[in-house]
Amino acid sequence: MGNMKKFLKYSLWLAGVVAAITIVGIVYIAATFNPNDYKTQIIKLVKDKQHRNLKLDGDIKLIFFPSIGANIGKVSLSEFQSDKEFIYIDSARVSLALLPLLSKQVVVDEISISGLKAALVKFKNGKTNIDDLLSKKETNEEKTPLEFDITSVHVKDSELTYLDETTGAQYVLKDLNLNTGRIANDIPGKIDFAAVIQSSKPKLDIATQMKVQLTFDLKKQLFQMEGLELQAKGTALDISNLAVLANGNISANFDTHEFSTKQLVVTATGLQGKNNFNAKLDAPALNLVQNNFTSDKLTLNTKLDSTFGNIVASLALSDLTGNPQSFKSSALTLELDMKQLEQAFKIKLSSPVTGNIEQQQLNLSNLTLAVNARGDKLPNKSVNSEMKGSVQIDGSRESVQANLAGGLLQSQIKAKVAVNDLQDPAIRFDIDIDQFDADLYLPQKTADVANKPAQAEQSFDLAGLKKLNLEGGLRIGALKIANIKLSQVRLDIKAQNGLITISPLSTNLYQGSMNGSMKVNAQTTPHIAINQNLSGINIAPLLKDTVSFDTLEGKGNVALNLTAQGNTISALKKALNGNMSLSLTDGAIKGINIAKTLRDAQGMLSMKGATAQTQSVNKAEKTDFSELKASFKVNNGVAHNDDLLLKSPLLRLSGNGDINLGNDTINYLTNATLSKTLTGQGGKDIVGGVTIPVRLSGPFNNLKYTLDFGAMASNVVKQKIEVKKEEIKTKLHDQLQDKLRGLFK
């Protein structure tokens, strides 16, 4: 026991002596050694070994107590074999704990750097401006990991630049400030980082600040970041007033290749043009193990306030699993709520989803799409729709394929759509619709139009059709558009380079059928060509619904071969050219009963005071016919006819005239010839065979008939003279025959 006490006593005494000698040695070195005397040798050594210029414009100060270290200021290093500056440090301070160095432990009391500026360059040949500084020696010898313990790190007012000459992109980290707590293996340490990030490609100018508690284990290659608070503000791309905030916990194990996040929340707000947006990503648990990732649920909520309207969107992915090549989710749900000034929409999309990241493929195998629209201009102020099917997206081939069926608006639809080349899309489709009333969604005419000032006609712009690449078929069971009622509609459409061809264009309408084609040239001012044959058509409702012309009845055939050019409806009507023809049976001309009118005016046949009389259309009157034929030459919106022929048991009518389709007016002169009796149309007492000129003129909505009774009276006189002549001829002939017979007795 006594020996033990003596050993401890002598050991403490020896340690004290060693400490005293060490302190005396340090004081001596500090008093006699000046590192600034070796600047020239240091500069020469760097020049010889690294072929770079080192400048030491500030003083070098050594620190020996309470830790060993150095202060250095105004230091710069040039580029390789160049005078151009590569790195500059305004001041730096490093201090180390002395004793731990003896056991290969680096215990740094402090690292402090101020005014650091460095520029890293990647040249066009792929090399960098620091390749010569990196060690190229390789060794298979195992090295004992160097352990270190840093009390704190401080970086102030520094700037780092990276230039990629291969792309021309430049990235700058300026106003860099970093302050840390203790940095040591398996010891939690706080980190406070701030910098401004600037970039040319993409365009960035963002001030960032990050606070986090970092724990690492270099032997296990384990890193943990807890209580992450990341803030970023500035501009990115075309987004201004950008503000990003991220919170959560992140861990990584590079030895086992594991990465995970917990309670990660990222929010962003900004202004894009005139559109304000904010977004929030919520990832409660995301795990990546050996390139395989899993997540219980990911949600993304966004809101956009724009001139177009206000949009709120929510995207959720449940049971997400995958790897860098592919992924799948048991349920993708997307909800959109869009509000505009006069209407609102709610859209919900849901489906299991699978994807291949390498091949850029996405498959929504069991898609349900529900749409609810509300607005005063919608039918019943509300529209509900739901469609089901599948959608496949192939990004590598730039193609989208959709197969959907269900209710859309008031229709039941089956649709197959394929889109190729998303940059210049080529669309192929095949669509079946049971019925559709387009008039429900077109602007309605108000009853007080007459009291309102006339508005300038809106032109239509077909420039968007110039890039349209479209081909497919459309079938509609029942269609109503512009008050025209159609059924069994079939359209085969092909559009390319501004040329649109619809052939066949066929449908059943007004108890008949239509078959033909239509072509539209949208390369310049819209040019339209129509070639249609209508068979067995009930003409009265067709004319009434299409051009508000309610003057003609009958059933038969109509042929149209017309072209027009213009960017408004009125311009197209005034530019119509081509030909038309019609052939009707068992119909009537509404507005006048010619036979009845003649019977009522028979007193004028006395040839005294007979005049022309004009009368408005009387909707209760009509002139029946058994056959009506006419052909038209159309020139600049005016349809001219020379071969009008109307037949009935009591009347024959022929004539010629113009129908001005551009101005909705008629100017027609016909000659009506009565049969021998008017039985069946109100009388027997007028001489048969009388002809009267009848003129039909005026706008479609205010037509007038003019009957020339003077000409009719003249025709009656001529007829009586002709009858008298025939009687005299007959009498003379009879007398001559009697005399001839007397000569031969």
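Preceding block: the structure.
Residues numbered from 1 in each chain as written. Predicted model: local features only at pLDDT ≥ 70, side-chain atom pairs only at ≥ 80, totals over all residues. Heavy atoms only, no water.

Draft legend 1. Representation of the overall build of the protein in the model. Secondary structure summary: the protein contains 7 helices and 39 strands in total. Residues counted as buried form 31% of the 745 residues belonging to the protein. Element-wise, carbon and sulfur atoms account for 57% of the exposed surface of the protein, whose accessible area totals about 45000 Å². (Helix = DSSP H or I, 4+ residues; strand = E, 2+ residues; numbered from the N terminus. Buried < 20%, exposed > 50% of the residue type's maximum accessible area, 1.4 Å probe, protein only. Areas by Shrake-Rupley, 256 points an atom, 1.4 Å probe, with all protein chains shown as cover.)

Draft legend 2. Structural detail: helix α4 (residues 539–547). Here α4 has its buried residues at I539, A540, L542, L543 and D545. Those residues of α4 that are buried lie in contact with β27 (484–496), β28 (499–509), β30 (527–538), β31 (552–565) and β32 (577–591). (Contact = heavy atoms within 4.5 Å.)

Draft legend 3. Quick peek at the pairing of strand β8 (residues 153–164). In this sheet, β8 lies alongside strand β6 (residues 117–122) in parallel orientation, the contact comprising 6 bridges. Among the inter-strand pairings, A119 is bridged to a residue of β8, identified as T161. In this structure, the hairpin formed by β8 and strand β9 (residues 169–180) is closed by a connection of 4 residues, where G168 is found at a positive phi of approximately 80°. (Pairing = 2+ DSSP bridges.)

Draft legend 4. View of a positive patch on the surface. Taken together, K303, K339, K346 and R374 make up a surface patch of like positive charges. As for its placement among the helices and strands, K303 is situated in strand β17 (residues 292–305). (Patch = residues over 30% accessible without salt bridge, like charges linked within 9 Å, V, L, I, M, F, W, Y side chains within 5 Å. Salt bridge = Lys/Arg side-chain N within 4 Å of Asp/Glu carboxyl O. Lys, Arg positive; Asp, Glu negative; His and termini not counted. Charge placed at Lys NZ, Arg CZ, Asp CG, Glu CD.)

Draft legend 5. Geometry of the environment of T151. Counting through the fold element by element, T151 comes out in the loop between β7 (147–150) and β8. Distance in space between the C-alpha atoms of T151 and S95 is 9.9 Å, their sequence separation being 56 residues. If near-sequence neighbours (up to four positions away) are discounted, T151 is found in contact with V108, D109, T180, G181 and R182.

Draft legend 6. Examining empty space enclosed by the protein more closely. Scanning all chains against the criterion turns up 1 cavity of 30 Å³ or more. Approximately 30 Å³ is the volume attributed to the largest cavity. As for the largest cavity, its lining consists of R182, I183, A184, I187, G189, I191, L214 and F216. For the lining of the largest cavity, the elements supplying multiple residues, two or more each, are β10 (183–184), β11 (189–199) and β12 (204–217). (1 Å grid on protein atoms, 1.4 Å probe; cavity = no way out; pocket = protein on both sides within 12 Å on 5 of 7 lines; lining within 4 Å. Points joined across faces, edges and corners; volume = space filled by probe spheres on them.)

Draft legend 7. Geometry of unusual backbone geometry. The residue after K201, namely P202, is reached through a cis peptide bond having omega 0°. Relative to the assigned elements, P202 resides in the loop between β11 and β12. Cis peptide bonds are those with omega within 30 degrees of zero, and the linkage from S503 to P504 qualifies with 0°. For P504, the position within the fold is in strand β28. Its identity as a non-glycine residue notwithstanding, D175 has a phi of 50°, on the positive side. One can find D175 in strand β9. Here Q488, not a glycine, exhibits a phi torsion of approximately 50°, which is positive.

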